[in-house]
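Secondary and tertiary structure notes
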Amino acid sequence: MENFEQRWADTEMLLKQRFGRVPDMEGILFLIGVNELGNLPRKKFSKEQKQDLMHIAVCTLLCQLGYYEYVGRDTDNWPHFNELQHVTANGIGEQERMLKECMIRYFE
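Residues numbered from 1 in each chain as written. Predicted model: local features only at pLDDT ≥ 70, side-chain atom pairs only at ≥ 80, totals over all residues. Heavy atoms only, no water.

Time to look at the packing of helix α1 (residues 4-19) against helix α4 (residues 91-107). Where α1 meets α4, the closest approach of the two axes is 10 Å, and the angle between their N-to-C directions is 60 degrees. By the criterion of interaxial angle, the relationship of α1 to α4 is oblique. Taken as a pair, α1 and α4 cross one another with a handedness that is left-handed. Seen from α1, the contacting residues are Phe-4, Glu-5, Arg-7, Trp-8, Thr-11, Leu-14 and Leu-15; seen from α4, they are Arg-97, Lys-100, Glu-101, Met-103, Ile-104, Arg-105 and Phe-107. (Axes fitted to C-alpha atoms, helices over the stretch in contact; angles between N-to-C directions. Helix = DSSP H or I, 4+ residues; strand = E, 2+ residues; numbered from the N terminus. Parallel < 35°, antiparallel > 145°, perpendicular 65-115°, else oblique. Left-handed = near helix turned anticlockwise from the far one by under 90°. Contact = heavy atoms within 4.5 Å.)

Pasting the structure below:
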């Protein structure tokens with residue numbers, strides 16, 4: 001298996017090819033959230049909805065590690081999750097690394 005840095009660089013290249021630039025972490029979380037939400041006829045999201053989309057992305061990613069489980073969609077078709085265990089990553093660096101690992105898997 002390739003090392004983390006190479007796998008992350010490959011993921012960034014994929015995003016750059018698709019979107020013309022590499023989004024920052026919040027941008028990647030937003031993209032994953034929109035993807036998970038699905039094709040709703042919505043052109044603009046409110047600030048609160050954007051935060052909700054990033055939360056959906058984090059929950060989706062952390063489902064890979066058993067921190068959350070998908071429980072279904074509400075009447076507006078937004079996905080919902082239950083927390084199974086508290087995230088154990090210490091510090092922002094470790095949390096970012098954990099999310100990046102999950103993002104790599106998500107885009108592979």
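Inspection of the sheet shows strand β1 (residues 68-73) paired to strand β2 (residues 79-83) by five bridges, in the antiparallel sense. Looking across to β2, one finds that Tyr-68 is bridged to Glu-83. From the end of β1 to the start of β2, which pair antiparallel, there are five residues, and Asn-77 there has a positive phi angle of about 70 degrees. (Pairing = 2+ DSSP bridges.)

Take the layout of surface pockets next. Its volume calculated, the largest pocket comes out at about 250 Å³. Met-25, Leu-29, Val-58, Leu-62, Val-87, Ala-89, Ile-92, Gln-95, Glu-96, Met-98 and Leu-99 together form the lining of the largest pocket. Residue assignment for the lining of the largest pocket shows that the elements contributing at least two residues are α2 (25-37), α3 (47-63) and α4. Counting residues per element, the lining of the largest pocket draws most heavily on α4, at five residues. Classifying every residue of the lining of the largest pocket gives nine nonpolar, one polar and one charged. Looking at the second largest pocket, its volume works out to about 190 Å³. Lining the second largest pocket are Leu-14, Leu-15, Arg-18, Phe-19, Leu-31, Ile-32, Val-34, Asn-35, Tyr-106 and Phe-107. Looking at the lining of the second largest pocket, the elements that each hand over two or more residues are α1, α2 and α4. Looking at the lining of the second largest pocket, its residues break down into eight nonpolar, one polar and one charged. (1 Å grid on protein atoms, 1.4 Å probe; cavity = no way out; pocket = protein on both sides within 12 Å on 5 of 7 lines; lining within 4 Å. Points joined across faces, edges and corners; volume = space filled by probe spheres on them. Nonpolar A, V, L, I, M, F, W, Y, C, P; charged D, E, K, R; others polar.)

What follows is about the nonpolar core. Of all hydrophobic cores here, the largest spans 25 residues; its most connected members are Trp-8, Leu-61 and Met-103. Counting residues per element, this core draws most heavily on α3, which supplies six residues. Not counting residues within four places of it along the chain, the set of residues in contact with Leu-61 comprises Leu-29, Ile-32, Leu-99, Cys-102, Met-103 and Tyr-106. (Core = buried A, V, L, I, M, F, W, Y, C linked by side-chain atoms within 4.5 Å. Buried < 20%, exposed > 50% of the residue type's maximum accessible area, 1.4 Å probe, protein only.)

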